[in-house]
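Examining the three-dimensional arrangement
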Amino acid sequence: MNKLKQISCSQELLKIFFLAWPLIIAQLAVIAINTTDVIMMGWLGPEYLAAGTLSTAIVHPILLAGLGLLSVVTPLVAQSLAAREFKQIRRTTRQGLWFAVILSAISIPILLQMEWIISILKLDAKVGELAQSYMDTAVWYLIPVFMFMVLRNLVAAHGDTKVILKITLLGIAINGLGNYALMFGHFGFPRMELAGAGISTTLVNFFMCALLLAYVLKHPRYKRYYILVRIYKPDWAVFKKIYKLGSPVALMIASESGLFSVAAIFMGWLSTAELAGHAVALQITTIAFMIPLGLSNATTIRVGYGYGLKNRHAVAISGWVSIGLGISCMTVTLILFYLFPEFLIHLFLDPNIPSNMSAIGYAASYLLIVTLFQIADGGQVVAAGVLRGINDTKAPMYVALVGYWLVGLPVAYLLGFTFEMRGVGVWLGLAAGLIFVAIVLIHRFWKLSKKLSFA
């Protein structure tokens, strides 16, 4: 019996690995597009990097909330596949595209007021002006990003993840060339600085979305769903189901992203150098986070498939194997951060430029604190993916609200400003929130996995 159980765990590990690795690399590729932007903003100078960071900090809660809502397309499609309800897959995908359009229409007008938002937050006026120049051209990328997410969830739920990877890798190369040409005025283009970065990001995301849409419309596996036929026709039952399951996920993800966004605002209150250092440390951390995030997406598919089969054992094995794998991956990145912080930071900020030295010092201190919560960060995102696979989204939302806003944010403010620990205190607050959420979500799955019923 123990041997059989061990074999089952090993088989599940292999299944998750082969499903997850293209998603993990695709997530790393996605963040590589943003990382390219951050590195090249750093080449322009600390003020430009600070402006890009504040823009990202304000955009990300809105962007990630939308992506979180759309993420429930994955388990819904996986469950329909397991139950062989192919018509339901078409209905889910269509209404996911509806949400992509609606989310874009709501978000874009808000984000076009970037300079005004930054002035309300009492941040540096020059930084606000630069941030507005970036957002004027970058904000339009939300339309293809949301649509790409729906299509990506459709193909990922079928285990077809390599196409996502190929398209995203192509996007990285094009974005790098676009930034080089438009930000710095090469290949005969005018020097547009942050506005150029925004144009490049927008065009690349439209290109990636068009490629994936063409693939879905032409591939026999997806062509049978006719996802664009009568797409104008509402399907309120499915629309409401996506909203019911997705809105708690959106709020949960926005809670975490919002905490990091407020942290960036806190850093802006302190100094431009501390904000630039925060940007670098956060970017390095985000790159590492893409590994358990990609794994979390694969986990949702595997758990959702087991849930669709009404197999409690399959759900439990998929969940625990994934959580263990996520924690193991983040242990490796923790060691790398501890041993090689200067090497990683110098990829973003040139130590030979005197104006970068303060930001480099701040980034090094923040990266050291990251080692305190790397394991928790991996555990919480995979546990959230597990719970999403069994349609448990509301409780994790409440956990996130409490952990990030009633634990993390107060600790960040108290340590950063009341106890005058400045940026170090803010990052310790981030650690406190992530550790709380990880413990509670993993405990919740442990309880649910023991009593899961399919009556």
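Residues numbered from 1 in each chain as written. Predicted model: local features only at pLDDT ≥ 70, side-chain atom pairs only at ≥ 80, totals over all residues. Heavy atoms only, no water.

Once that is clear, we can look at the overall build of the protein chain. Helices and strands together make up the secondary structure of the protein chain, namely 18 helices and zero strands. The C-alpha atoms of the protein chain give 22 Å as radius of gyration, which agrees with the globular expectation for 455 residues (23 Å, within 12%). Reported as C-alpha extents along the three principal axes, the dimensions of the protein chain are approximately 65 × 45 × 35 Å. Within the span of the protein chain, comprising 455 residues, buried residues form 56% of the whole. Counting contacts in the protein chain only where the partners sit at least 6 residues apart, residues at least 24 apart contribute 83% of the total. Of the roughly 19000 Å² that the protein chain leaves accessible, carbon and sulfur atoms contribute 68%. If the 33 positive side-chain charges of the protein chain are averaged to one point and the 18 negative ones to another, these points end up 23 Å apart. (Helix = DSSP H or I, 4+ residues; strand = E, 2+ residues; numbered from the N terminus. Rg over C-alpha atoms; globule rule 2.2 N^0.38 Å. Buried < 20%, exposed > 50% of the residue type's maximum accessible area, 1.4 Å probe, protein only. Contact = heavy atoms within 4.5 Å. Areas by Shrake-Rupley, 256 points an atom, 1.4 Å probe, with all protein chains shown as cover. Lys, Arg positive; Asp, Glu negative; His and termini not counted. Charge placed at Lys NZ, Arg CZ, Asp CG, Glu CD.)

Below, the discussion takes up the side chain of Asn 297. Note on placement: Asn 297 falls in helix 12 (residues 272-308). On the basis of relative accessibility, which here comes to 18%, the residue Asn 297 falls in the buried class. Among residues more than four places away in sequence, those in contact with Asn 297 are Leu 23, Gln 27 and Arg 152.

Taken together, Val 332, Ile 335, Leu 336, Tyr 338, Leu 339, Phe 340, Phe 343, Leu 347 and Leu 368 make up a surface patch of nonpolar side chains, about 930 Å² in accessible area. Examining the composition of the nonpolar patch, we find that five residues originate from one element, helix 13 (residues 312-339), more than from any other. Mapped onto the secondary structure, Tyr 338 falls in helix 13. When its relative accessible area of 55% is taken as the criterion, Tyr 338 is described as exposed. (Patch = residues over 30% accessible without salt bridge, like charges linked within 9 Å, V, L, I, M, F, W, Y side chains within 5 Å. Salt bridge = Lys/Arg side-chain N within 4 Å of Asp/Glu carboxyl O.)

Our next topic: the side chain of Glu 12. Structurally, Glu 12 can be placed in helix 1 (residues 2-44). In this structure Glu 12 comes out as buried when scored by relative accessible area, which is 6%. A polar atom in the side chain of Glu 12 sits 2.8 Å from the side chain of Ser 318. (Polar contact = N/O pair within 3.5 Å; in protein donor to acceptor, adjacent residues only side chain to side chain.)

Within the protein chain, residue pLDDT values average 89, and 98% of them lie at 70 or more. Note that pLDDT drops below 50 for residues 1-7; the model gives that stretch zero contacts with residues more than four away or on any other chain. (pLDDT = per-residue confidence, 0-100.)

Moving on, we get to the pattern of salt bridges. Tallied over the full model, the rule gives six salt bridges. A salt bridge links Glu 193 to Arg 191; the shortest N-O distance between them is 3.1 Å. Overall, the relative accessible area of 22% leaves Glu 193 in the partly exposed class. Residue Glu 274 is joined to Arg 422 by a salt bridge in which the shortest nitrogen-to-oxygen separation is 2.7 Å. Residue Glu 274 is found in helix 12, and its partner Arg 422 is found in helix 18 (residues 422-451); the two are separated by 148 residues along the sequence. With a relative accessible area of 38%, Arg 422 lands in the partly exposed category.

Okay, the environment of Ile 108 next. You can see Ile 108 is positioned in helix 4 (residues 86-111). With near-sequence residues (within four places) excluded, Ile 108 lies in contact with Val 139, Trp 140, Leu 142 and Ile 143.

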